[in-house]
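One letter stands for each residue in the lines below.
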Amino acid sequence: MVEMAICLPVLVLLVWGTIEIANSIHAKQVLLSAAHEGAMLAQQPSVTDTEVLSKVNAVLTARQVDGCTITLVGDSGQAYTSLTPGELFQITVSRDDSNHFVNISSVSVVVKGMKQ
């Protein structure tokens, strides 16, 4: 009985920490997937930034991840709509994860591509 009283809190802490770390890894993978899907769409000719942002939001919603910030800009910071074919763009998807036990203050993913 004494052994259980000593070992149980340690085991519970290990299981809880493992679950929290797994959730953080999953969230980062979802952000990466959403940014990748947006970049694949953004490379297509005559696609607007609204369509790209809608696609990224759809992926995030389908995977039940909320509270994300999405930016789509040219590589030098200019608006995506002002890019000409051959110029680089980047999509950044970030999420504040500070409310979890494993305190990763912010998870951010950047995917770059070239406008066609």
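In case you missed it, the structure is sitting above this.
The structure reproduced in this document is the subject of the present report.

Conventions we followed
Residues numbered from 1 in each chain as written. Predicted model: local features only at pLDDT ≥ 70, side-chain atom pairs only at ≥ 80, totals over all residues. Heavy atoms only, no water. Core = buried A, V, L, I, M, F, W, Y, C linked by side-chain atoms within 4.5 Å. Buried < 20%, exposed > 50% of the residue type's maximum accessible area, 1.4 Å probe, protein only. Helix = DSSP H or I, 4+ residues; strand = E, 2+ residues; numbered from the N terminus. Patch = residues over 30% accessible without salt bridge, like charges linked within 9 Å, V, L, I, M, F, W, Y side chains within 5 Å. Areas by Shrake-Rupley, 256 points an atom, 1.4 Å probe, with all protein chains shown as cover. Salt bridge = Lys/Arg side-chain N within 4 Å of Asp/Glu carboxyl O. Expected span 1.5 Å × (residues − 1). Arc of directions from axis to C-beta.

## Quick look at the nonpolar core
Line of reasoning, step 1. Counting residues in hydrophobic clusters, the biggest one holds 21 residues, and the most contacted among them are L60, F89, I91 and V93.
Line of reasoning, step 2. For this core, the leading source of residues is helix α1 (residues 2-42), giving six residues.

## Some points on unusual backbone geometry
Line of reasoning, step 1. Positive phi is not limited to glycine here, since S46 has a value of about 55°.
Line of reasoning, step 2. The exposure class of S46 is exposed, given its relative accessible area of 72%.
Line of reasoning, step 3. A positive phi is found at Q64, a non-glycine position, where the angle reads about 55°.
Line of reasoning, step 4. Structurally, Q64 is set in the loop between α2 (49-62) and β1 (68-74).
Line of reasoning, step 5. Given the relative accessible area of 74%, Q64 is considered exposed.

## Looking at a nonpolar patch on the surface
Line of reasoning, step 1. Side chains of M4, L8 and V12 sit close together on the surface and give an oily, nonpolar patch of about 290 Å² of accessible area.
Line of reasoning, step 2. With respect to the helices and strands, L8 occurs in helix α1.

## Examining the side chain of Q90
Line of reasoning, step 1. For Q90, the position within the fold is in strand β2 (residues 88-97).
Line of reasoning, step 2. The exposure class of Q90 is buried, given its relative accessible area of 19%.

## Things to note about α2
Line of reasoning, step 1. Relative to the 20 Å expected for 14 residues at 1.5 Å per residue, α2 spans 20 Å between its end C-alpha atoms, a close match to the ideal helical length.
Line of reasoning, step 2. Among the residues making up α2, those that are buried are V52, V56, V59 and L60. End-on view of α2: buried residues confined to an arc of 100°, all on one side of the axis. Among the exposed residues of α2, those oriented more than 90 degrees off its buried face are T50, T61 and A62.

Keep in mind that these numbers describe shape and distance, not what the molecule does.
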